[in-house]
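Per-entry structural report
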Amino acid sequence: METTSKKNKGFFQNMLSVLGPGIITAALIFGPSKMTITSKMGADFGFDLIWIIVIAIFFMSVYTNMSTRIGMATDDTLLTLIRKKYGRGVSILIGIGIFLVATCFQSGNATGIAVSISEPTHTSPEIWIILFNIVGISLLFFRSFYLIFEKLMLALIIIMLFAFLTTVIMMPPPLAALSKGFIPGLPEGSIGLIIAFTASCFSIVGAFYQSYLVQTRKKLSQNHTIKETVTGSQVGIILLGIMSAAVLICAANTLHPQHIKVNSASEMGKALEPLLGSSARTLFLTGLFSASFSSLIGNAVLGGSLLGDTFQYGNNLNHKMVKLFISLVMIFGTVIAIVFGRLPLQLIVFAQSITIFLVPFIGITMFMIANDKEIMKEHVNKLSTRIWGITGLLILIGLAISNLLTLLK
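Residues numbered from 1 in each chain as written. Predicted model: local features only at pLDDT ≥ 70, side-chain atom pairs only at ≥ 80, totals over all residues. Heavy atoms only, no water.

1. As for the overall build of the chain
For the chain, the count of helices and strands is 17 helices and zero strands. Looking at the chain as a whole, 58% of its 409 residues qualify as buried. Long-range contacts, defined here as pairs at least 24 residues apart, represent 84% of the contacts in the chain between residues at least 6 apart. Accessible surface, the chain as shown: approximately 17,600 Å² in total, 69% of it carbon and sulfur. (Helix = DSSP H or I, 4+ residues; strand = E, 2+ residues; numbered from the N terminus. Buried < 20%, exposed > 50% of the residue type's maximum accessible area, 1.4 Å probe, protein only. Contact = heavy atoms within 4.5 Å. Areas by Shrake-Rupley, 256 points an atom, 1.4 Å probe, with all protein chains shown as cover.)

2. A short note on the confidence of the model for the chain
Residue-level pLDDT values for the chain average 84, and 89% of them are 70 or greater. For the chain, helix α1 (residues 2-29) is the element with the lowest average pLDDT, namely 65, and helix α3 (residues 50-73) is the one with the highest, namely 94. (pLDDT = per-residue confidence, 0-100.)

3. Considerations on the packing of aromatic side chains
Going through the model one piece at a time under the given rule, you end up with 15 aromatic pairs. Taking the centre distance of 5.8 Å and the plane angle of 20 degrees together, the rings of Y209 and Y212 count as stacked. A residue pair is termed a helical-turn pair when its members lie 3 or 4 positions apart in one helix, as Y209 and Y212 do in helix α10 (residues 204-220) at three residues. An identical accessibility class is assigned to Y209 and Y212; each is buried. Taken together, F58, F59, Y63, F202 and W388 form an aromatic cluster joined through their ring pairs. For the cation-ring pair, K34 lies above F197, with the distance from its terminal atom to the ring centre recorded as 4.8 Å. (Phe/Tyr/Trp six-rings, centres within 6.5 Å; stacked < 30°, edge-to-face > 60°. Lys NZ or Arg CZ within 6 Å of the ring centre and 35° of its normal.)

4. Concerning the layout of surface pockets
Of the voids in this model, the largest pocket is the one considered here, and its volume is about 1,700 Å³. Along the walls of the largest pocket sit 50 residues, with S33, K34, I37, F105 and S200 positioned nearest its centre. The element best represented in the lining of the largest pocket is helix α5 (residues 88-121), accounting for nine residues. Tallied by class, the residues present in the lining of the largest pocket amount to 28 nonpolar, 19 polar and three charged. (1 Å grid on protein atoms, 1.4 Å probe; cavity = no way out; pocket = protein on both sides within 12 Å on 5 of 7 lines; lining within 4 Å. Points joined across faces, edges and corners; volume = space filled by probe spheres on them. Nonpolar A, V, L, I, M, F, W, Y, C, P; charged D, E, K, R; others polar.)

5. Considerations on the pattern of salt bridges
Pairs can form between side chains of opposite charge whenever their charged atoms are close. Enumeration over the complete set of coordinates arrives at six salt bridges. D44 is the salt-bridge partner of K261, the closest N and O atoms lying 3.6 Å from each other. Remark: D44 occurs in helix α2 (residues 32-45) and K261 occurs in the loop between α11 (226-254) and α12 (265-276); sequence separation between them is 217 residues. You can call D44 buried: its relative accessible area is 17%. Put simply, K218 and D75 hold a salt bridge, and the shortest N to O gap is 3.3 Å. With K218 in helix α10 and D75 in the loop between α3 and α4 (78-86), the pair connects residues that are 143 residues apart, well separated along the chain. Overlapping salt bridges bring together K40, D44 and K261 as one network. (Salt bridge = Lys/Arg side-chain N within 4 Å of Asp/Glu carboxyl O.)

6. Examining the packing of α3 against α11
One can describe the packing of α3 onto α11 by two numbers: an axis separation of 9 Å at closest approach and a directional angle of 155 degrees. Taken together, α3 and α11 sit at an angle that is classed as roughly antiparallel. Our pair here, α3 against α11, has a crossing hand that is right-handed. Only I226, T229, V230, S233, Q234, I237, L240, G241, S244, A245, L248 and I249 of α11 make contact with α3, whose side of the interface consists of I50, I53, I57, M60, S61, T64, N65, T68, R69 and M72. Grouping the amino acids of the contact of α3 with α11 by side-chain chemistry returns 12 nonpolar, nine polar and one charged. (Axes fitted to C-alpha atoms, helices over the stretch in contact; angles between N-to-C directions. Parallel < 35°, antiparallel > 145°, perpendicular 65-115°, else oblique. Left-handed = near helix turned anticlockwise from the far one by under 90°.)

7. Looking at unusual backbone geometry
The backbone of H122 shows a phi angle near 55 degrees, a positive value even though the residue is not glycine. With respect to the secondary-structure elements, H122 resides in the loop between α5 and α6 (125-139). Unusually for a residue other than glycine, K377 sits at a positive phi of about 55 degrees. Here K377 is to be found in the loop between α16 (373-376) and α17 (383-408).

8. Let's talk about the environment of L93
Locating L93 in the fold gives a position in helix α5. A relative accessible area of 49% means that L93 is categorised as partly exposed. Put simply, L93 and I362 are 269 residues apart on the chain and 9.8 Å apart in space, counted from C-alpha to C-alpha.

9. Quick word on the side chain of T310
Mapping T310 onto the fold places it in helix α13 (residues 278-310). From its side chain, T310 meets the backbone oxygen of L306 in a polar contact 2.8 Å long. Look past the residues within four positions of T310 in its chain and what remains in contact with it is L79, R83, S91, I92, G95 and I96. (Polar contact = N/O pair within 3.5 Å; in protein donor to acceptor, adjacent residues only side chain to side chain.)

10. Brief notes about a nonpolar patch on the surface
A cluster of nonpolar side chains, namely I130, I134, L324, L328, I331, V335, I338, V339 and F340, defines an oily patch on the protein surface of about 780 Å² accessible area. Elements with a minimum of two residues in the nonpolar patch: α6 and α14 (320-340). Per element, the largest residue contribution to the nonpolar patch is seven residues, and it comes from α14. By secondary structure assignment, the location of F340 is in helix α14. (Patch = residues over 30% accessible without salt bridge, like charges linked within 9 Å, V, L, I, M, F, W, Y side chains within 5 Å.)

See the structure below:
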């Protein structure tokens, strides 16, 4: 009996070590803003836009795969490789840029947590914003922070999957309408949502950070092949697609036929109550809480650790300065969420203006590193990956141009 228990424990730990980096990436990307965009896609256009999830997930998997192989091929961090190959200025631009973007959008994650708890309990949102940011910062004081971080993200992903898939099961979608949604089309007025979803789901910053997660995990368990590690990372991205599809299907199947419009994920939770009952609302808000808390932690770790690597502290989540930078992301997000109640327009414009130029730049540097045979050796990009990688870069550049035109209006 004890031997079986040890085997089960060993199997679980092995699976977690393989899946961990991909799970973390999925959890930090799937935040309240993505839930809002996906809810609107389903509520406004039914099943017609489910095809864009497949495309965005495909290109996200291409760049996550690249980043994973970079992390496995070398012990140098991605910013270190960029610094050696393209100069210190390029690595500083990327590191500080990512930190600023992560900090600017952190208040949305804090607000998502507050709304998911304060609405059903009729309590002050400020209390929950402060409480869960304190919880997030307190996790940094554990010596084995990465292992706690990994297990927490896995638990939150499981909760999200349960919440969203159960909500879909409560009212199954018509298969004919669902299958038609996989055929690409552009319903009138859908371009803005398609661009917003693609930009948030095909997260080049999330893909960039995957190499850091893989290297951290590699230090803890040296026994995984690159094939196993890549597979684990791909599983995380597939889960990201499943969660996105579940939210869209739920909105398309319940809100769209009633012509109910939503402007936030919390509004969707409210709208579900008269249609499916209070349990559906509770499930959806539970999913919103998990999405918000996972992004709150993940976004802060991403921004803080990359700023730490910018100042050459390496990929070390236990370094005091790295923990300070992670804490600063959380503290800044807390202040913005409490003082303004939402992300101020000036910060949105500032974050978007950084993202417009930063995202294609990051994508190009990642692509070039992954194509460098001297660095990558046998893990260098194959021809098919190069073709899809270039296509992905064109998409990123197109999204950047679209965002620039929107800001100039």
